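Here is how the chains run, residue by residue.
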Amino acid sequence: TTPKSEMAHAAQEAADCIAAGGGEYFRHFSDGYWGPKIRAGERVWYVEDGYVRGFCVVSRVLRRGAGEVCATTGRVWPNGLYVYMDAASWQWVKPIAMRGFQGYRYVHPRSVGEWLAAQIHQAEVVGGWRDQRPEVKP
């Protein structure tokens, strides 16, 4: 979930990647945290404003990352677990209503409910990484 307080940063990071012709996104987990059990090639789905908005494909995972600096905000992230995703792998999907959550959830019928798992597995891709965020239609 992208917190409301970070949505402007996330949008700027995407704009910076588009302007540069590519780049990487990453997610950080503290040094003592060893999950999620995620591998290169798997999808990370993003929730903003109560909707699943899209996904990126994991390019690599570092279990003992040495710290990263966000090129957009200048924020220095500490050592820990890093999950990296190629910006060009971003896919917008037709928004799917979902309450936000903290951290990772695995999309499996037992963990998030059969209806939501079916929605995510059958998500309709409506744009790529250079496209505008799709609006939610009532």
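The structure we're discussing is the one just above.
Quick notes on the rules
- Residues numbered from 1 in each chain as written.
- Predicted model: local features only at pLDDT ≥ 70, side-chain atom pairs only at ≥ 80, totals over all residues.
- Heavy atoms only, no water.
- Helix = DSSP H or I, 4+ residues; strand = E, 2+ residues; numbered from the N terminus.
- Contact = heavy atoms within 4.5 Å.
- Areas by Shrake-Rupley, 256 points an atom, 1.4 Å probe, with all protein chains shown as cover.
- Core = buried A, V, L, I, M, F, W, Y, C linked by side-chain atoms within 4.5 Å.
- Buried < 20%, exposed > 50% of the residue type's maximum accessible area, 1.4 Å probe, protein only.
- Salt bridge = Lys/Arg side-chain N within 4 Å of Asp/Glu carboxyl O.
- Expected span 1.5 Å × (residues − 1).
- Polar contact = N/O pair within 3.5 Å; in protein donor to acceptor, adjacent residues only side chain to side chain.
- Phe/Tyr/Trp six-rings, centres within 6.5 Å; stacked < 30°, edge-to-face > 60°.
- Lys NZ or Arg CZ within 6 Å of the ring centre and 35° of its normal.

1. Quick word on the overall build of the protein chain
Then comes step 1: When its secondary structure is counted, the protein chain shows 3 helices and 8 strands.
Then comes step 2: Going residue by residue from the N terminus, the α and β elements of the protein chain occur as α-β-β-β-β-β-β-β-α-α-β.
Then comes step 3: Across the protein chain, the fraction of contacts at a sequence separation of at least 24, relative to all contacts at a separation of at least 6, is 69%.
Then comes step 4: Split by element, the accessible area of the protein chain, about 8,500 Å² in all, is 52% carbon and sulfur.

2. Some thoughts on the nonpolar core
Then comes step 1: Within the largest apolar cluster, 15 residues are counted, with the highest numbers of intra-cluster contacts made by Val44 and Met85.
Then comes step 2: Elements that contribute at least two residues to this core include exactly β1 (24–30), β2 (43–48), β3 (51–65) and β6 (80–86).
Then comes step 3: When residues in this core are grouped by element, the largest group, 3 residues, is from β6.
Then comes step 4: Excluding anything up to four places from it in sequence, methionine 85 contacts Gly23, Glu24, Tyr25, Phe26, Arg27, Val44, Tyr46, Cys56, Val57, Val58 and Ser59.

3. Focus: the pattern of salt bridges
Then comes step 1: Taken as a whole and assessed by the stated rule, the structure comprises 5 salt bridges.
Then comes step 2: Between lysine 4 and aspartate 49 there is a salt bridge, with the nearest N and O atoms lying 2.8 Å from each other. In this pair, lysine 4 sits in the segment before α1 (7–20) while aspartate 49 sits in the loop between β2 and β3, placing the two residues 45 residues apart along the sequence.
Then comes step 3: Exposure remark for lysine 4: the relative accessible area of 65% places this residue in the exposed category.

4. So, the environment of arginine 39
Then comes step 1: Structurally, arginine 39 can be placed in the loop between β1 and β2.
Then comes step 2: Exposure remark for arginine 39: the relative accessible area of 56% places this residue in the exposed category.
Then comes step 3: Taking C-alpha positions, arginine 39 is 9.7 Å from valine 57, a pair spaced 18 residues apart along the chain.

5. A word on the side chain of threonine 2
Then comes step 1: Looking at the secondary structure, you find threonine 2 in the segment before α1.
Then comes step 2: If sequence neighbours within four positions are ignored, threonine 2 has contacts with Met7, Ala10, Arg27, Tyr46, Val47 and Glu48.

6. Overview of α1
Then comes step 1: Taking 1.5 Å per residue as the helical rise, α1 with its 14 residues ought to reach 20 Å, and the 20 Å between its terminal C-alpha atoms agrees with that figure.
Then comes step 2: Of the residues one or two after α1, glycine 21 is the one with positive phi, at around 80°.

7. Overview of the side chain of histidine 28
Then comes step 1: With respect to the helices, strands and loops of the structure, histidine 28 is situated in strand β1.
Then comes step 2: A polar contact is formed between the side chain of histidine 28 and the backbone oxygen of proline 78, at a distance of 3.2 Å.
Then comes step 3: From its side chain, histidine 28 meets the backbone oxygen of asparagine 79 in a polar contact 3.3 Å long.
Then comes step 4: Once residues within four sequence positions are removed from consideration, histidine 28 is found in contact with Trp77, Pro78, Asn79, Gly80, Leu81 and Tyr82.

8. Structural notes on the packing of aromatic side chains
Then comes step 1: Going through the model one piece at a time under the given rule, you end up with 7 aromatic pairs.
Then comes step 2: Judged by centre distance (5.4 Å) and plane angle (65°), the ring pair of tyrosine 46 and tryptophan 90 falls under edge-to-face. Of this pair, tyrosine 46 sits in strand β2 while tryptophan 90 sits in the loop between β6 and β7 (91–97), placing them 44 residues apart in sequence. Each member of the pair, tyrosine 46 together with tryptophan 90, is buried.
Then comes step 3: Counting every residue linked through ring pairs, the aromatic cluster contains Phe26, Trp77, Tyr82 and Tyr84.
Then comes step 4: Just above the ring of phenylalanine 55 sits the side chain of arginine 43; from NZ or CZ to the centre is 4.1 Å.

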